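The lines below spell out each chain.
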Amino acid sequence: MSASVASPTVLLNRIFSLRESCPFILVSDTFIQSATFLTNELVNKAKSINPELTIIYLSFETPLPPSYLNLSKDKFINLLDKDFEKLINQNLSNLPDDRKKLIIIDSFNYIPNDQIVLLLKLLMKPSNIIYGIYHQDIPSLIDTNNKNKPSSYSYLHYLSSCVFDIKPINFNDADSDYYLLLQNGPHFPLNIRDIHQTKFYTELTYRRKSGRSLDYKFLIDSINHQYEYIISANPASTGDDESLLENLTTFNLGTTKKQKEQRDKVDLPFLEAQQSMGSVGGSIVYEFEKDDDYDEEDAFEDPF
Amino acid sequence: MASTSDLQEQALTFYKNKSNALTPSQNTLSLITHDSSNFPSWLIAGILQQSVSTNNECFLSPNFPSINKESSPSYVYSFTNTIQTYNKYFLKYNIKNNKNLHFTSFINSDAPPLASWYTSIISEIKSNRNPVVIIENPELVLLLDPTVTINKLLSQIQEIQKHCALYIVSTTSTSSSFTSTYLPSILHRSSLIISLTALTTGRADDISGTLTISTGPIPNENQIESRQYSYLISNSAVKLYFK
């Protein structure tokens, strides 16, 4: 199903049930609204659609296996302050390659900047779907040898096929701690209305195979498992608001009514071309014209 | 504006289940943060009193129902205080000689070596049933032992958490590069966050500070009672009021 024709909620459901092509899902959160509820949504939906799904939990933060893991077929590997390359090779090399596996990483913050790509390289396989969490409020471990390198989050964001940015439900309120936390780290007392609500916002950035990215915003109710697509409240700027140009210069920057009418009458060649060509999606279509030199002989025909 | 003398005194509770209002589930981490002006010795004494009691008794929650419960082995490990800080409370609430209460200070001369601080804790607690462990300011290990990295300290705390209900007490006052990473990392591992803050308006005679109870990012089987209290510490008692 193409993401452009599906409704955003359908797309979100397809990502949660692992039916959409997303080999690497990145989730960014803060401690005031963590990714826990989103992880539970994804795991529950993915397991209900694919009962045979194997989950591999790579833990840097969780001391004991979460309740949704079935340890007879799933794996829980504690990697904090350990040699992750060795442990991943030991534990994952025996698993069959043909079965779909969901690899959960909590979280990327504990991996040094120069080893992030190595970790992903070990895990990225056609049958694996990586779901990794990154906490925005933990300062990143800086590579002292090369301070000009991109941050770990920049790497992860670039490599991911789908990004969820989680925000508390009242992040835009004047008394919300969200932006203060991102800027200055945790401060106390905490605003208890902010913290870890079962309803929260998530901004989804979904990258299509063509490279084009689609941005959606959802309100997720993790108790009732309902997802509401939020249409942006700010109308897109049309560029026609001439009141913004008033009194800016000593000469006239505006357009008169007559000028606008004449401009609308102009036939733009690009728009005309799209009427027939646009019907075949993004593919390149060759249209034969009368002056084209058409060679009837097949250049690749076997001469013998 | 009403003063605290007009307000009704309230009982402290962290969880909606009143029969176990201050004791977290096993294998969870609860964080108590404070700044330099309000160390939570009174709060720790209250938690310990309820934890070792066999009838749910706690001076911070005087109106709670008296129920028969098992006394939990309770351990305090401190990098900043000696038992002198708590003696007054332990004597007053009659828990000083309780066989289930254990206090270890890592700043005493007879303290276990710093290199094996977490293995000594684990060996002490792991044979017990449902132990409660309170560690005061473990972030100081980062400064005392230069070979310990943040990841190593977090992994040591995680090992201890596997064997008990763990409270971590940490200060928000220091802002070194170590602690700026340490505190958010601990916050992300917490099921319960208790923060003590001074009044933003300055000092007052009838209010000592604000106590905030909030849910942490890790789910908890006991539902947390998110709430803010004002508290007043006097020579005779600690009083709590809803904010």
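Residues numbered from 1 in each chain as written. Chains lettered and ligands numbered in written order. Predicted model: local features only at pLDDT ≥ 70, side-chain atom pairs only at ≥ 80, totals over all residues. Heavy atoms only, no water.

Colleague: Which residues make up helix α5 (residues 152-159) of chain A, and what values do they have?
Modeller: Residues and elements named next belong to chain A. Along α5, the residues that are buried comprise Ser152, Tyr153 and Leu156. The arc that holds every buried residue of α5, seen down its axis, measures 90°, which confines them to one face. Of the surrounding secondary structure, the elements contacted by the buried residues of α5 are β1 (24-29), α4 (116-123), β5 (128-135) and β6 (162-168). (Buried < 20%, exposed > 50% of the residue type's maximum accessible area, 1.4 Å probe, protein only. Helix = DSSP H or I, 4+ residues; strand = E, 2+ residues; numbered from the N terminus. Arc of directions from axis to C-beta. Contact = heavy atoms within 4.5 Å.)

Colleague: Describe the sheet that holds strand β3 (residues 101-105) of chain B, and please don't skip the residues or the numbers.
Modeller: The strands making up a sheet associate through backbone hydrogen bonding, with each pair oriented either parallel or antiparallel. Residue and element names in this part refer to chain B. Spatial strand order, β3-β2-β4-β5-β1-β6-β7-β8-β9: nine strands in an open sheet with mixed pairing. Since the sheet does not close on itself, it has two edges, and those belong to β3 and β9 (238-242), each with one partner. Geometrically, the sheet is characterised by an average inter-axis angle of 20° between neighbouring strands, direction not taken into account. On the sheet, helix α1 (residues 41-52) packs against β1 (29-34), β2 (74-78), β3, β4 (132-136), β5 (165-171), β6 (192-197), β7 (209-215), β8 (227-233) and β9 and is oriented at approximately 165° with respect to β4. (Pairing = 2+ DSSP bridges. Axes fitted to C-alpha atoms, helices over the stretch in contact; angles between N-to-C directions.)

Colleague: Would you mind going over empty space enclosed by the protein in detail, with residue names and values included?
Modeller: Residue and element names in this part refer to chain B. Scanning all chains against the criterion turns up three cavities of 30 Å³ or more. Every residue along the wall of the largest cavity is listed here: Lys88, Tyr89, Lys92, Tyr93, Ile233, Ser234, Asn235, Ser236, Ala237 and Val238. Looking at the lining of the largest cavity element by element, the count peaks at three residues for helix α2 (residues 84-92). Its residues placed into classes, the lining of the largest cavity shows five nonpolar, three polar and two charged. (1 Å grid on protein atoms, 1.4 Å probe; cavity = no way out; pocket = protein on both sides within 12 Å on 5 of 7 lines; lining within 4 Å. Points joined across faces, edges and corners; volume = space filled by probe spheres on them. Nonpolar A, V, L, I, M, F, W, Y, C, P; charged D, E, K, R; others polar.)

Colleague: Requested: an account of the packing of aromatic side chains, with residues and values cited.
Modeller: Both the distance between ring centres and the angle between the ring planes are used here to describe each pair of aromatic rings. Per the counting criterion, the structure on display carries 25 aromatic pairs over all chains. Arranged with centres 5.1 Å apart and planes meeting at 75°, the rings of Tyr178 of chain A and Tyr179 of chain A form a pair that is edge-to-face. On the basis of relative accessibility, which here comes to 4%, the residue Tyr178 of chain A falls in the buried class. Here the aromatic cluster, defined as three or more aromatic residues joined through ring pairs, consists of Tyr75, Tyr77, Phe79, Phe106, Trp117 and Tyr118 of chain B. For the cation-ring pair, Lys88 of chain B lies above Tyr89 of chain B, with the distance from its terminal atom to the ring centre recorded as 5.3 Å. (Phe/Tyr/Trp six-rings, centres within 6.5 Å; stacked < 30°, edge-to-face > 60°. Lys NZ or Arg CZ within 6 Å of the ring centre and 35° of its normal.)

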